[in-house]
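Descriptive structure summary
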Amino acid sequence: MSPRIARPRLSLTTQVLIGMGAGLVLGVVLNLLQIEFINTHIIGGLFGMIGRMFVNALSMLVVPLVFFSLICGVAGIGDIRILGRVGGKAFGLYLLTTATAIAIAILIALAVGPGQGFVMDGIDTSGVTGREAPSVWDTLAAIVPRNPVAAFAGGELLQIIVYTIILGLAALMLGDRSKGFVEVCEYMNELMMKVVQIVMAFAPIGVFCLIAKTFTEQGIGLFVPVLTYVLVLVGALLLHLFGTLMLFLKALSGLSPLVFLRKIRPAQIFAFSTASSNATIPVTLRCVTERMGANNSVASFTVPFGATINMDGTAIMQGVATVFLANVYGIDLGVGGYLTVIAMAVLASIGTAGVPGVGLVMLTMVLGQVGLPIEGIALILGVDRLMDMIRTVVNITGDAVVSTIVAKSEGKIDMAVWNDPEAGLIDGESLDIDPVAEAHLAEAARRH
């Protein structure tokens, strides 16, 4: 008699997808029904609380995880020159992908022409305030923390990275006397990854509540007035995600985009549900190291660094939104204006927090720089939360692509892990079982 093969339980990724789908359906239905008690106390109250708790739980991991992982990464590299090379590659690629993203977005938007003939009746443009664009020098000066304790307390990720790298370099210079310090950091890094696993166990519930709340409050009616803007933006985001970034990956690393997309999927799901690059750092880091095989000495630097300065999806939104608003107000920006938009978007992405809604803040700086009315943001305000979810997926995918490219170029990627579809799985938590492997198991059971 053939032994029975135990079927694996639903993977965590599958559970999260089910939670996301159920939340979407429930949210749309409740938005249509508009039952005040349920919308106020269940969705806005209970679901809102659970969703915030889940995002807060992910966010609480970011600072300690970045600190301890980066210390271990600097110690693992062991050579200041190599660290400088890794940082230089990552910085250059992040700026390149961001500039490419917004250039593509502007070209697509100019070709389609969203906003032409837009009627502004019923649109409330009051109460929208802008933010002054910082100078290049102010932006660069701000990356060095005046008070590292305040930087840690405030979650200023770029300042934390700079301080941690300096601390790690000092530890390297002290040689063997830093051995105990590094061992403690390695233990704390492992401990934080275990905490990540604990938090992730509650992900399906958290994602369900976040999605249900979003769609209950937003519905689908908000898309109608700005449908062309939404379609162009989503199209540009998907083109960059599946086209440009995958071309960069294939051309600069030679690795398979299909394998990459399969292994980064868990991080993309969490990015979509939280709309926060920073909150997704623990999941992105785990996918890049444990699923793709990138060495922690590289990934611990490039992933949080990318979450801070790499805003491909946000840059695309700024490009499409600028063209849309220019068409709405009948203002011709010209080539110089759009070049200014590209430069401003790249500059604004440096040191801007990867948190929900930050794209609109960055957009006020861009609009002010090219002379477009900041009040126009009110036209896209209603759909921004849902668009933020999609562009965050693009942001973290860009982080992972650059991390993988840099790791491959440094010979710091384990190809055995990359080629193993089950690498990094814990208790069947990630992708569904590979059908070829399942067939082999079934055949072996039949023979015995």
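Being a predicted model, the structure only gives us computed values, none of them experimental.

What counts, and at which threshold
Per-chain numbering applies: the sequence of each chain, read as written, is numbered from 1 onward. Confidence filtering applies because this is a predicted model: local features only for residues at pLDDT of at least 70, side-chain atom pairs given and counted only at 80 or more, and all residues used for totals across whole chains, interfaces and linings. Only heavy atoms go into the side-chain values, all of them from the structure, while hydrogens and water stay out. Only residues above 30% relative accessible area that lack a salt bridge enter a patch, with like-charged residues linked at up to 9 Å and the nonpolar side chains Val, Leu, Ile, Met, Phe, Trp and Tyr linked at up to 5 Å. Accessible surface area values rest on a Shrake-Rupley calculation with a 1.4 Å probe, where residue burial reflects the displayed protein chains alone. Whenever Lys or Arg places a side-chain nitrogen within 4 Å of a carboxyl oxygen from Asp or Glu, that contact is recorded as a salt bridge. Note on conventions: DSSP H or I runs of at least 4 residues are helices, E runs of at least 2 residues are strands, and numbering of each starts at the N terminus. What we call a nonpolar core is a set of buried Ala, Val, Leu, Ile, Met, Phe, Trp, Tyr and Cys residues that are connected through their side-chain atoms within 4.5 Å. Relative accessible area decides the class of each residue, using a 1.4 Å probe on protein chains only: under 20% of the type maximum gives buried, over 50% gives exposed, and in between gives partly exposed. Contact definition: two residues touch when any of their heavy atoms are within 4.5 Å. Expected helix span is computed as 1.5 Å times (number of residues minus one). In this description, one arc is meant: the one made by directions from the helix axis to the C-beta atoms. A pair of Phe, Tyr and Trp rings is counted when the ring centres sit within 6.5 Å of each other, with Trp represented by its six-membered ring. The angle between the planes then sorts it: under 30 degrees is stacked, over 60 is edge-to-face, the rest tilted. The definition of a polar contact used here is a pair of N or O atoms within 3.5 Å, where within protein one atom must be able to donate a hydrogen and the other to accept one, and adjacent residues in sequence count solely through side-chain atom pairs. pLDDT: the predictor's confidence for each residue, scored from 0 to 100. Interaxial angles span 0 to 180 degrees and are taken between N-to-C directions of axes, which are lines fitted to C-alpha atoms, for helices over the stretch in contact. Under this scheme an angle from 65 to 115 degrees is roughly perpendicular, one under 35 degrees roughly parallel, and one over 145 degrees roughly antiparallel; angles in between are oblique.

1. Thoughts on a nonpolar patch on the surface
Among the surface-exposed residues, Leu 24, Val 25, Val 29, Leu 33, Ile 35, Phe 37, Ile 42, Leu 46, Met 49 and Met 53 lie close enough to one another that they form a single nonpolar patch of about 870 Å² accessible area. Going through the elements one at a time, α1 (12–33) and α2 (36–77) are the ones with two or more residues in the nonpolar patch. No other element matches the five residues that α2 contributes to the nonpolar patch. Considering the arrangement of structural elements, one finds Ile 35 in the loop between α1 and α2.

2. Regarding the nonpolar core
Nonpolar side chains tend toward joint burial in soluble globular proteins. Tyr 229 and Phe 260 are the most contacted members of the largest nonpolar core, which has 118 residues in total. Sorting elements by how many residues they give to this core places α2 first, with 14 residues. Non-local contacts of Tyr 229, meaning those with residues more than four positions away in its chain, are made with Pro 114, Met 317, Val 320, Ala 321, Phe 324, Ile 380 and Val 383. The next biggest cluster of nonpolar side chains, apart from the first, holds five residues, and it includes Ile 43, Phe 47, Cys 209 and Ala 212.

3. Quick word on helix α7 (residues 179–200)
The terminal C-alpha atoms of α7, which comprises 22 residues, lie 32 Å apart, in line with the 32 Å expected from a rise of 1.5 Å per residue. Of the positions making up α7, those classed as buried are Val 182, Cys 185, Asn 189, Met 192, Met 193, Val 196, Val 199 and Met 200. Across the axial projection of α7, the buried residues extend over an arc of 115°, all falling on one side. Counted as exposed and oriented over 90 degrees from the buried face of α7: Lys 179, Tyr 187, Glu 190 and Ile 198.

4. Concerning the packing of aromatic side chains
Scanning the entire structure with this criterion turns up nine aromatic pairs. Taking the centre distance of 5.6 Å and the plane angle of 75° together, the rings of Phe 67 and Phe 152 count as edge-to-face. Pair noted here: Phe 67 is in helix α2 and Phe 152 is in helix α5 (residues 148–154), with a separation of 85 residues, a long-range link. Since its relative accessible area comes to 14%, Phe 67 is described here as buried. Taken together through their ring pairs, the aromatic side chains of Phe 67, Phe 68, Phe 152 and Tyr 163 make up a single cluster.

5. As for the side chain of Thr 216
Tracing the backbone shows Thr 216 in helix α8 (residues 203–218). Of note is the side chain of Thr 216, whose polar atom sits 2.6 Å from the backbone oxygen of Ala 212. Residues within four places of Thr 216 in sequence aside, it is in contact with Leu 26, Gly 27, Leu 30, Asn 31, Gln 34, Asn 39 and Ile 43.

6. Side note on the pattern of salt bridges
All told, the structure shown has four salt bridges when counted by the stated rule. As a salt-bridge pair, Glu 410 and Arg 85 come within 2.8 Å of each other at their nearest N and O atoms. Within this pair, whereas Glu 410 is found in the loop between α17 (384–409) and α18 (415–419), its partner Arg 85 is found in helix α3 (residues 80–112), the two being separated by 325 residues in sequence. Accessibility expressed as a relative area gives 15% for Glu 410, which makes it buried.

7. Details of the confidence of the model for the protein
Per-residue confidence for the protein averages 78 on the pLDDT scale, and 80% of its residues sit at or above 70. Across residues 1–7, where pLDDT falls below 50, the model places nine contacts with residues more than four positions away in sequence or in other chains. Every residue in residues 122–131 is under pLDDT 50, and counting partners more than four places away or in other chains gives 17 contacts.

8. Some words on the environment of Val 394
With respect to the secondary-structure elements, Val 394 resides in helix α17. Separated by 82 residues in sequence, Val 394 and Asp 312 place their C-alpha atoms 6.4 Å apart. In this structure Val 394 touches Leu 237, His 240, Leu 241, Leu 245, Asp 312 and Gly 313, once residues within four positions along its chain are discounted.

9. Topic: the packing of helix α13 (residues 312–329) against α17
At a closest axis distance of 6 Å, the pairing of α13 and α17 adopts a crossing angle of 135°. Comparing the axis directions of α13 and α17 gives the class oblique. Facing α13, whose interface residues are Asp 312, Gly 313, Thr 314 and Met 317, α17 presents Asp 384, Arg 391, Val 394, Asn 395 and Gly 398.

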